[in-house]
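# Secondary and tertiary structure notes
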Amino acid sequence: MLPFNASSFTSQKLPKILDRWKDFPPPFLLDQQHSFYLQQSDYHLMKTPRTMQQVHQSPNLSNPFENLTEEIIFNVLDFLDEDPQAKKSFSLVNKSFYSIESIHRRSLRPLRTNLIPSTLRRYPHLSHLDFTCCPRVEDDTLFAIADVYKTSLRAIDLSRSRFFSNVGLSSLAGKCTGLLEMDLSNATELTDLAAAAIAEAKNLEKLSLARCKLISDIGIGCIAVGCKKLKWVCLKWCLRVSDFGVGLIAMKCRDIRSLDLSYLPITEKCLPPILQLQQLKELILVGCSGVDDEGLVTLNQGYKPLEMLNMSIIQNVSHIGLYSLTNGMKHLSHLSLAYGFDVTVDLAKCLRNFPGLQCIKLDGCQVSCAGMKAIADCCVSLKEINLCKCIGVTDEGLSSIMEKHNGLKKLDITCCRKITHASLDIITSSCNSLISLKMESCSLIPEDAFELIGQRCSLLEELDITDNEVNDEGLKAISRCSKLLSLKMGICRKITDGGLSHVGIYCPKLTQLDLYRCTAVTDVGIMAVANGCLGLEMINMAYCEKVTDSSLRCLSKCLRLTALEIRGCTRLSSGGLSAIAEGCRKLTLLDIKKCCNIDDAGMLALAQCSQSLQQINISYCSVTDIGLMALASINHLHSMTILHVTGLTASGLGAALLACQGLRKVKLHSTFKASMPQALLNHVEARGCIFHWRNKAFQVDIDPKGWQL
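Quick caveat, the model's predicted, so the values are computed rather than measured. (Residues numbered from 1 in each chain as written. Predicted model: local features only at pLDDT ≥ 70, side-chain atom pairs only at ≥ 80, totals over all residues. Heavy atoms only, no water.)

Right, let's talk about the overall build of the protein for a bit. From N to C terminus, the protein includes 28 helices and 28 strands. Looking at the protein as a whole, 55% of its 709 residues are labelled buried. In the protein, the share of contacts with a sequence separation of at least 24, taken over all contacts with a separation of at least 6, comes to 71%. With the model as given, the accessible surface of the protein reaches about 29600 Å², and the carbon-plus-sulfur share is 51%. (Helix = DSSP H or I, 4+ residues; strand = E, 2+ residues; numbered from the N terminus. Buried < 20%, exposed > 50% of the residue type's maximum accessible area, 1.4 Å probe, protein only. Contact = heavy atoms within 4.5 Å. Areas by Shrake-Rupley, 256 points an atom, 1.4 Å probe, with all protein chains shown as cover.)

Below, the structure written as structure tokens:
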């Protein structure tokens, strides 16, 4: 019998049915190489070619899917939005699903622009196009998009693409009247002509021109006049835009809510019209070195609705300029002053003007004990404090803040090397509602102090204790934090399988685990984590030299794994990697550098099963031309690092580069540059790929203390 009655199946019952589908052994929702057919007794799976499959019907059984309404199928597709592969597999169940999926789809990220013609025919109602996988997008592509999606297109992302011009942008902006968002970041070849073309998008609300270094005030002026509905603007690293261009944007686009002016050659002259924007909530001035105290003190005071202000890396502004700029910002909740300000009593007094301040970031600042005490007194609503790499943080200063802010949710004290057991004691006793604690390289905190984290901070979701003296007893206590999602403890050499096994047992929600250079960890610890944390998405085991293929075979049960770093694990082989490839179909990042026992067999397994792979490092591996050609067949692959792979030849490398059409970045040893035809390199570069040539010497042995250099 079928598990549900299709004739009485309604959208109200959908959540329960979908929950039941999750319990079926994968792939109940088909992967690319499977389909299922129905018999009276049960569901069965069978291998089939990678084409659209029909649902098998026994003579006495009608197709239950024929009775499902379009509304129900739409709800199923909505449920699968976060898993593109599952959605694609679902559409291959039958012709009806295939047709409905094409009508339902609203967003798409094509792998290559040569697929656009078929895409336009299959998906007539797309509203969001993401070209971040396409390094080369030419004007012809934009012409075709503009002709098909005149009324439906709402957003387009070209931040990783090149080779289009103002002509294509003009067609896109002019014809797609509903276009609301454009991301043109990194388009370093665009000029003011392109900006004038963008100005034709009269309804544009969100625009990013980060690193468009040839666009000047003239182009920005065109955008300001043409796109008056802008609400979110990013001009980061637009080095030819000055006070004049920024002022035009502020005066013409009165609805702006977020403005990023990072690293622009501007001064305080452009700030008055900006501060008069009644809808402005977020202002980012990172690295604006032309802004200084002398100019800021001239600003008029008044009501300013700003909620987030970032003035990091500004060396010429002190508490005097900050007070002038922020006077009247009663609603400010997030403030970043990293790598520029001295944290003094005077600075703390400025913060008293922000009764609702919840987050302050002081990374890299010079901190005084008196300044920290003043912050504790002046900021009454803090939920997040960043003191990463601050010079001058002591037990006394940190304790003064912790004692008065017991509602703190996030704390970053990375590289605060003067704090001791006393600080961790007061942190854990006063702020036991912490959900994020980052304390990498706090070298004076003794090993027994880490037990306090597990005993008192049971709500932690993120913990970074990299390069500390934590041992198994501390890790056993930390494992009481059952809500942990991310745990980073690289270079913690005292951690063994005993402590790690407790994490695997008591932290089932863990998604990220960093064990970089935890050299005492073996298969026992990794297997405990793999068996207990099935939702694991990232694991770094680099230079854990004792792990073997048994660890990888066990990790292959973690079906959500997307990132695996195993460089320097010399006992791993292609057998273990093949298990990962077969089990972890969502793998996107793989680092197998210096895994000398991984050879072509591992690459063939990746080519067969890991079609989602995007980045790989095979340096120092035993891969030959055959293995590299297999990797080149992975459609999503866009970044490769290939250094000192002695089994490769120039001809094999050239063939692989030609075959791998989606490449955006390749890191190669400089010896190949002279041995490969220049015409071939030019052809690959013309597709949008960037070569990074390195001249590193071959490393025979791994330096056990190399991480310290």
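The sheet contact formed by strand E26 (residues 639-642) and strand E27 (residues 665-669) spans four bridges and is parallel. For Ile642, the partnering residue across the bridge sits in E27 and is Leu668. The β-α-β motif built from E26, the intervening helix H26 (residues 650-659) and the parallel element E27 has right-handed crossover chirality. Of the pairings in the sheet, the one linking E27 to strand E28 (residues 690-694) comprises five bridges and is parallel in character. Residue Val666 lies in a different strand from E28, and its bridge partner there is Phe691. (Pairing = 2+ DSSP bridges. Right-handed = clockwise from strand over helix to strand, strands pointing away.)

This next bit is on the nonpolar core. Generally speaking, a soluble globular protein has its nonpolar side chains buried in company with each other. One finds Leu169, Leu209, Met311 and Ile618 to be the most contacted residues of the largest nonpolar core, which totals 201 residues. Ranked by residue count, the leading element in this core is helix H15 (residues 369-378), at five residues. Not counting residues up to four positions away in its chain, the partners in contact with Leu169 are Leu142, Leu158, Phe164, Met182, Leu184, Leu190, Ala194, Ala197 and Ile198. Counting ten residues, the second-largest nonpolar core is a separate cluster that includes Leu68, Leu80, Phe97 and Ile100. (Core = buried A, V, L, I, M, F, W, Y, C linked by side-chain atoms within 4.5 Å.)

With that settled, the discussion passes to helix H13 (residues 319-326). Taken together, the buried positions of H13 are occupied by Gly321, Leu322, Ser324, Leu325 and Thr326. Looking at the buried residues of H13, the elements they touch are helix H11 (271-275), helix H12 (293-296), strand E11 (308-310) and helix H14 (345-351).

Our focus in this paragraph is the layout of surface pockets. Reported here for the second largest pocket is a volume of approximately 390 Å³. Lining of the second largest pocket is provided by 16 residues; of these, Arg160, Arg664, Lys665, Gly688 and Ile690 occupy positions nearest its centre. (1 Å grid on protein atoms, 1.4 Å probe; cavity = no way out; pocket = protein on both sides within 12 Å on 5 of 7 lines; lining within 4 Å. Points joined across faces, edges and corners; volume = space filled by probe spheres on them.)

Viewed as axis vectors pointing N to C, helix H23 (residues 574-583) and helix H24 (residues 600-609) meet at an angle of 5°, and their least axial separation amounts to 8 Å. Taken together, the axes of H23 and H24 are roughly parallel relative to one another. On H24, the residues touching Ser574, Leu577, Ser578, Ala581 and Glu582 of H23 are Ala601, Gly602, Met603, Ala605, Leu606 and Cys609. Residues belonging to the contact of H23 with H24 are distributed by class as follows: seven nonpolar, three polar and one charged. (Axes fitted to C-alpha atoms, helices over the stretch in contact; angles between N-to-C directions. Parallel < 35°, antiparallel > 145°, perpendicular 65-115°, else oblique. Nonpolar A, V, L, I, M, F, W, Y, C, P; charged D, E, K, R; others polar.)

Turning our eyes to something else, we now look at the pattern of salt bridges. Enumeration over the complete set of coordinates arrives at 14 salt bridges. We note a salt bridge from Lys175 to Asp147, for which the minimum N-O separation is 2.7 Å. Of this pair, Lys175 sits in helix H7 (residues 166-175) while Asp147 sits in helix H6 (residues 139-148), and the two are 28 residues apart along the sequence. By relative accessible area, Lys175 is classed as partly exposed at 36%. (Salt bridge = Lys/Arg side-chain N within 4 Å of Asp/Glu carboxyl O.)

Quick look at the side chain of Asp600 now. Inspection of the secondary structure assignment puts Asp600 in helix H24. The side chain of Asp600 sits in the buried core without any salt bridge; Arg553 is the nearest counter-charge, 18 Å away. Engagement of the side chain of Asp600 in a polar contact is seen with the side chain of Thr624, the distance being 2.3 Å. (Lys, Arg positive; Asp, Glu negative; His and termini not counted. Polar contact = N/O pair within 3.5 Å; in protein donor to acceptor, adjacent residues only side chain to side chain.)

Right, let's get into the packing of H26 against helix H28 (residues 678-686). It is at 10 Å that the axes of H26 and H28 come closest, and there the two elements cross at 25°. Here H26 is positioned roughly parallel relative to H28, judged by the angle of their axes. Of the two elements, H26 crosses H28, and the hand of that crossing is left-handed. Across the interface between the two elements, Gly654, Leu657 and Leu658 of H26 pack against Leu680, His683 and Val684 of H28. Taken together, the residues that form the contact of H26 with H28 break down as four nonpolar, two polar and no charged. (Left-handed = near helix turned anticlockwise from the far one by under 90°.)

Quick look at a positive patch on the surface now. Residues Arg160, Arg211, Lys213, Lys665, Arg694 and Lys696 make up a contiguous surface patch of positive charge. If you trace the backbone, Arg160 turns up in the loop between strand E5 (155-157) and H7. (Patch = residues over 30% accessible without salt bridge, like charges linked within 9 Å, V, L, I, M, F, W, Y side chains within 5 Å. Charge placed at Lys NZ, Arg CZ, Asp CG, Glu CD.)

Another aspect to go through is unusual backbone geometry. Although it is not a glycine, Tyr620 sits at a positive phi angle of roughly 65°. With respect to the secondary-structure elements, Tyr620 resides in the loop between strand E25 (615-617) and helix H25 (625-631). Even without being glycine, His644 reaches a positive phi, approximately 55°. In this structure, His644 sits in the loop between E26 and H26.

Let's shift gears to empty space enclosed by the protein. Considering all chains together, one arrives at six cavities of 30 Å³ or more under this definition. Quantified by volume, the largest cavity comes out at close to 60 Å³. Together, Ser161, Arg162, Phe163, Phe164, Asn186, Ala187, Thr188, Glu189 and Leu190 line the largest cavity. Its residues assigned to classes, the lining of the largest cavity shows four nonpolar, three polar and two charged.

Moving on, we come to the packing of aromatic side chains. Two aromatic rings, taken as a pair, are described by how far apart their centres are and by the angle between their planes. Overall, the coordinates contain five aromatic pairs when judged by the stated rule. On the numbers, 4.3 Å between centres and 10° between planes, the contact of Trp237 with Tyr263 is stacked. One end of the pair, Trp237, is in the loop between strand E8 (232-234) and helix H10 (243-252); the other, Tyr263, is in the loop between strand E9 (258-260) and H11, and 26 residues separate them in sequence. For the pair Tyr516 and Tyr543, a centre-to-centre distance of 6.0 Å together with 80° between the ring planes defines the contact as edge-to-face. One end of the pair, Tyr516, is in the loop between strand E21 (512-514) and helix H21 (523-532); the other, Tyr543, is in the loop between strand E22 (538-540) and helix H22 (549-555), and 27 residues separate them in sequence. Taking the ring centre of Trp232 as reference, the NZ or CZ of Lys206 above it sits at 4.8 Å. Directly above the ring of Tyr620 sits Lys594, whose terminal nitrogen or CZ lies 5.2 Å from the centroid. (Phe/Tyr/Trp six-rings, centres within 6.5 Å; stacked < 30°, edge-to-face > 60°. Lys NZ or Arg CZ within 6 Å of the ring centre and 35° of its normal.)

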